[in-house]
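Structural characterization, general
As a plain string of letters, each chain reads:
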Amino acid sequence: MLHTKNKKLVLLISVMLLILSTVLLGCTSESVEQEEADASSETSESTNMITFSWPRDIGEMNPHVYNPSQMFAQSMIYEPLVSYQDGGELEPHLAESWDISEDGKEYVFNLRQGVKFSDGSSFNAGIVKKNFDTILDNRERHSWLGFVPLIDQTEVVDEYTFKFTLTEPYYPTIQELANVRPVRFLGEAGFPENEDTSKGVEQPIGTGPWVLEEHKVDQYATFKRNENYWGELPSVERIKVNVIPDAETRVLAFEKGELDLIYGEGVINIDAFNQLKSTGSYESSISEPVATRILVMNTNREMLSDIQVRQALHYGFNKEAIVEGGTSGLEEEADRILSTNFPYASNVDATTVDYDVNKAEQLLDDAGWKLPEGKDIREKDGKPLEIELMYNSAESIQKTMAEALQSEWAKIGVKLNIDGVELPTQVERFNKNEFDMNFYSTSGAPYDPHYFVNIVATEGFGFVEAISSYPNKDELLSQIAAVQQSTDENERQELYTSILGSLQEQGAIVPISYIKQIAIYQKGVSNFTFPANRDEHPFTGISIEE
Amino acid sequence: MIASLSVLVKSQKVIVICSLMLCTLLFISAFAPWLAPNDPTLVNFAHKLQGPSLNYPLGTDHLGRCTFSRILFGARVSLGFATLIFISSLTIGLIIGLIAGYKGGWVDQLLMRFADGVMAFPDLLLVLGLVGIWGAGLKQVVLALIFVQWVYYARVIRGVVLSLKEQNYITAAKISGSSQWKIMKKHIIPNVLPPLAVIGTLEMGWAIMHLSSMSFLGLGVQPPIPEWGAMIHEGKSYIRTDPLLMVYPGLMIMLVVVTFNLLGESLSERFGIKRR
């Protein structure tokens, strides 16, 4: 029971709380209005601007760090020595040309002259060396790139000539220089006092076509055109990136006209994309394959170590229907681990497996997995044929396909448990070999094919453990080691054909479909092209009606 | 007989209607395999995202599965696991409440402070935290929900036991030499049943809601088992093109939860019991 005194106290406190909350609420709504007013005044300033959305904040604009910095944004500010173009062509960018010594160890770059950083300082061999040196200070971190641990020394030959030496030949070096990170160049004024960029940069100064103008974390970022750009000046003045985490909200914002462009992989539901396309009020385009969805079967697991079981699983699902239905016709069914538009991948024969339930059942029977009377799941020595498939829960296409596989394989008496996990967990479990089957993808352009075969051969990435029961494993690994050191183009081609061919044949790495990027934009936007490098920004040449 | 039934219906309209609703739902979940026109887990991309038809009374989802069949089977999961949670937390709550209330002293203090600790956190937050530690999955979610829920039963039962303990007839029973067990069985448990019926029905609604919420977040029921919360989650991607995929399971959750809550409210009025 409350006494009268206490009752008064309670009343007083409640009234105080009520007043306080009203005051606080008033504050927030005012400040929101203020911000909105700011934003609208800004947009009215420049009409030559493209607004698009991204699921995450762009992160720190430092060329030498990884997540959560977003690659498309890093690539707007910072540029590479060499750029990756369609079909894996490597073209001069900040380096006008390069020479590789006979033994494949010395790389000499003739730098482009007259290139200025956005603060007016000039780009030369000195600043290239400085960037290389800070990257090499964190060698361990960047060692996923094959050539970084091999660099012996870096050298300024003259103002526009830069040279580095490797401890052993490594042919993919030039291709790895095209990556969005970490080998891109920060201007002198961007370096912190201790010259170590791994902890942060002073200012995001690059040579690229865009300059970061404003950045409100988790809200938006605007990029201004770099008026001193050495190459072709972009035709739009500004790019605004609105952070919209939710795919459906992104579509609604686009429909309302708040966004000029939606672009990326899996950024919106494909059915929503198709529906927007079918209205005819927007333009859209679909990229070339940028990577391959693959299923990795762990041959360390007893049941999957049997090639007959693996083949039965191939025969037991209708790849065409799953890809068509799961991606609403966007992606193509894949018969190769790497699609033919990748370097060295065009000679590999496709491993076509036709959907054949009877054959799958036959193979499983032969392998000793029989269907007991009155049961739905096959057994061998009393053990049920039960497999777990791990997938990234954030990827709706993976989930859809996993559920479809579950239903398909149930028909041949295989129980598939599907386990949606977050990406870091997926990677960790894959690396530690704690999985039966993993839904994964190749790294895509500009990393493949060398990066893919490299991680297949390197311990700790999951692949080498997964293929451990291949009869020809040792031969494969020695071929992979040979291909990276090879200095002969024809030899490399032969080795890749053989490596990729036998990886496919053994059937532990099952290509599912080729991943494509999508873009949908308002009618006023023109000259949109997809970058050949999957991680680059797509704004080169884009224009908008004012 | 009929006359008395009509009096009952008139005087307890809400209770009767809600009970009928519940019976229907129980019937649906018990006979889902016979009522459902299709296999709820059969994927068929050729029929994906179709509108209602004779074969698919409520159309199909993004994998071409029959929405109607999934709703029916979903009732099984929701009601079944909610009942499991209800019975388990009731049992735990009943035992702990009886001990705390009857024994009193430090036992009571210890148990009730622990209960306070659990109650100090918002339910959903605690459940999320526990599932975060244990990992996603139906088993973990059910355990977490039981862990959060038994507390309410324990508190209510302890309160009732405390007031009963002072009653003269209990003292009389003690004096006449009845054992503790007998006093519990004969005099205390029958008296805690009405309040239990009230919180029980309310908490059933709560359990269904939370189970669905967890599945919506992808933490509870794992595919391909049909569950309403998970269905809403799957339908979310199609909110613009096929909003009904979200609406059907949403309506079902609403219907069930509202039924349980109304029933609980009217029971509490009927028995004159205050809720937590």
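What counts and how
- Residues numbered from 1 in each chain as written.
- Chains lettered and ligands numbered in written order.
- Predicted model: local features only at pLDDT ≥ 70, side-chain atom pairs only at ≥ 80, totals over all residues.
- Heavy atoms only, no water.
- Helix = DSSP H or I, 4+ residues; strand = E, 2+ residues; numbered from the N terminus.
- Buried < 20%, exposed > 50% of the residue type's maximum accessible area, 1.4 Å probe, protein only.
- Contact = heavy atoms within 4.5 Å.
- Areas by Shrake-Rupley, 256 points an atom, 1.4 Å probe, with all protein chains shown as cover.
- Lys, Arg positive; Asp, Glu negative; His and termini not counted.
- Charge placed at Lys NZ, Arg CZ, Asp CG, Glu CD.
- Polar contact = N/O pair within 3.5 Å; in protein donor to acceptor, adjacent residues only side chain to side chain.
- 1 Å grid on protein atoms, 1.4 Å probe; cavity = no way out; pocket = protein on both sides within 12 Å on 5 of 7 lines; lining within 4 Å.
- Points joined across faces, edges and corners; volume = space filled by probe spheres on them.
- Phe/Tyr/Trp six-rings, centres within 6.5 Å; stacked < 30°, edge-to-face > 60°.
- Core = buried A, V, L, I, M, F, W, Y, C linked by side-chain atoms within 4.5 Å.

**Notes on the overall build of chain A**
Scanning chain A from N- to C-terminus turns up 15 helices and 23 strands. Here the C-alpha coordinates of chain A stretch approximately 85 × 75 × 55 Å along the principal axes. Each of the 546 residues in chain A was classed as buried or not, and the buried ones make up 54%. Within chain A, contacts between residues at least 6 apart in sequence are counted, and of these 69% link residues at least 24 apart. Of the roughly 23,900 Å² of accessible surface on chain A, a fraction of 48% belongs to carbon and sulfur atoms. In chain A, the 44 positive side-chain charges and the 90 negative ones have mean positions that sit 6 Å from each other.

**Overview of the side chain of Asp-123 of chain B**
All names here are of chain B. Structurally, Asp-123 is set in helix H6 (residues 123–134). For Asp-123, a relative accessible area of 14% gives the class buried. Of note is the side chain of Asp-123, whose polar atom sits 3.1 Å from the side chain of Trp-206.

**Focus on the layout of surface pockets**
All names here are of chain A. Here the second largest pocket is characterised by a volume of approximately 670 Å³. Within the residue set of the lining of the second largest pocket, elements represented by two or more residues are strand E2 (82–85) and strand E3 (89–92). In terms of residues, the lining of the second largest pocket owes the most to one element, E2, which gives three residues.

**Here's the deal with the packing of aromatic side chains**
Residue and element names in this part refer to chain A. Tallied over the entire structure, the rule returns 38 aromatic pairs over all chains. Centre to centre, the rings of Trp-144 and Tyr-447 are 6.1 Å apart; their planes meet at 55°, and the pair counts as tilted. With Trp-144 in the loop between helix H3 (125–137) and strand E6 (151–158) and Tyr-447 in the loop between strand E19 (437–441) and helix H12 (450–457), the pair connects residues that are 303 residues apart, well separated along the chain. Ring centres 5.8 Å apart and planes at 90° place the aromatic pair Tyr-171 and Tyr-344 in the edge-to-face group. Placement of the pair is Tyr-171 in the loop between strand E7 (161–166) and helix H4 (173–176) and Tyr-344 in the loop between strand E14 (332–333) and helix H9 (357–366), with a sequence separation of 173 residues. The rings of Tyr-107, Phe-109, Phe-117, Phe-123, Phe-132, Phe-147, Phe-162, Phe-164 and Phe-185 are connected pair by pair, giving a single aromatic cluster.

**A word on the nonpolar core**
Residue and element names in this part refer to chain A. With 61 residues, the main nonpolar core has Leu-81, Phe-109, Phe-123, Phe-132, Phe-147 and Phe-223 as its most contacted residues. Here this core takes six residues from H3, the largest share from any one element. Each residue touching Phe-123, except ones within four places of it in the same chain, is listed here: Leu-81, Leu-94, Leu-111, Arg-112, Val-115, Phe-117, Val-128, Tyr-160, Phe-185 and Thr-207. Ala-253, Leu-276, Met-437 and Ile-518 belong to the second largest nonpolar core, which has 53 residues in total.

What is shown is where atoms sit, not what they do.
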